[in-house]
Amino acid sequence: FLSICLLYQTFRYGQQTKKQTDKDYKRLALALLAMCLYIALFETLGYIISTFLFLLVAFQIMERSRLLVSVAIAFGFSIGVYYFYVVTLQGSLPPFPW
């Protein structure tokens, strides 16, 4: 049922303009670049810093207007997941660089 609804909405909206399509490719390229940098810097910067920076950049790629909200969510997620995984589950993630 949901697939049929999605198909109906897709055909109802029609085709997108070329300008919006180009913008989506630009966002995709920026997101892939951010992910490659995240992977490259993961061991060097540690989990918390690299994840915070990656999430902040990703949120800004998606929506530029809410910087403080993006900072708060990225910081909370980075610290929360690190604490949960390392302290609670006793896993291992790269620590801070110092």
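Residues numbered from 1 in each chain as written. Predicted model: local features only at pLDDT ≥ 70, side-chain atom pairs only at ≥ 80, totals over all residues. Heavy atoms only, no water.

### Digging into the confidence of the model for the chain
Turning to step 1, where the next piece is worked out: Predicted confidence across the chain gives a mean pLDDT of 85, with 89% of residues reaching 70 or more.
Turning to step 2, where the next piece is worked out: By mean pLDDT, helix α1 (residues 2-13) is the weakest element of the chain at 79, and helix α3 (residues 47-62) is the strongest at 92. (pLDDT = per-residue confidence, 0-100. Helix = DSSP H or I, 4+ residues; strand = E, 2+ residues; numbered from the N terminus.)

### Regarding a nonpolar patch on the surface
Turning to step 1, where the next piece is worked out: Nonpolar side chains collect at one region of the surface, where Y25, L28, L32, M35 and I39 lie side by side and expose about 530 Å² of accessible area between them.
Turning to step 2, where the next piece is worked out: Of note, L28 is situated in helix α2 (residues 18-45). (Patch = residues over 30% accessible without salt bridge, like charges linked within 9 Å, V, L, I, M, F, W, Y side chains within 5 Å. Areas by Shrake-Rupley, 256 points an atom, 1.4 Å probe, with all protein chains shown as cover. Salt bridge = Lys/Arg side-chain N within 4 Å of Asp/Glu carboxyl O.)

### Some details on the side chain of Q60
Turning to step 1, where the next piece is worked out: Looking at the element boundaries, Q60 is found in helix α3.
Turning to step 2, where the next piece is worked out: Classification of Q60 by relative accessible area gives buried; the value is 15%.
Turning to step 3, where the next piece is worked out: A distance of 3.0 Å separates a polar atom in the side chain of Q60 from a polar atom in the side chain of S70.
Turning to step 4, where the next piece is worked out: When residues no more than four places from it in sequence are discounted, the contact partners of Q60 are R66, L67 and S70. (Buried < 20%, exposed > 50% of the residue type's maximum accessible area, 1.4 Å probe, protein only. Polar contact = N/O pair within 3.5 Å; in protein donor to acceptor, adjacent residues only side chain to side chain. Contact = heavy atoms within 4.5 Å.)

### Side note on helix α4 (residues 67-88)
Owing to its 3.6 residues per turn, the α-helix brings residues three or four apart onto one side.
Turning to step 1, where the next piece is worked out: Relative to the 32 Å expected for 22 residues at 1.5 Å per residue, α4 spans 30 Å between its end C-alpha atoms, a close match to the ideal helical length.
Turning to step 2, where the next piece is worked out: For α4, the set of buried residues is S70, A74, S78 and Y82. Along the axis of α4, the buried residues cluster in a sector spanning 75°; they form a single face. Pointing more than 90 degrees away from the buried face of α4 are the exposed residues L68 and Y83.
Turning to step 3, where the next piece is worked out: Where α4 is buried, its residues touch α3. (Expected span 1.5 Å × (residues − 1). Arc of directions from axis to C-beta.)

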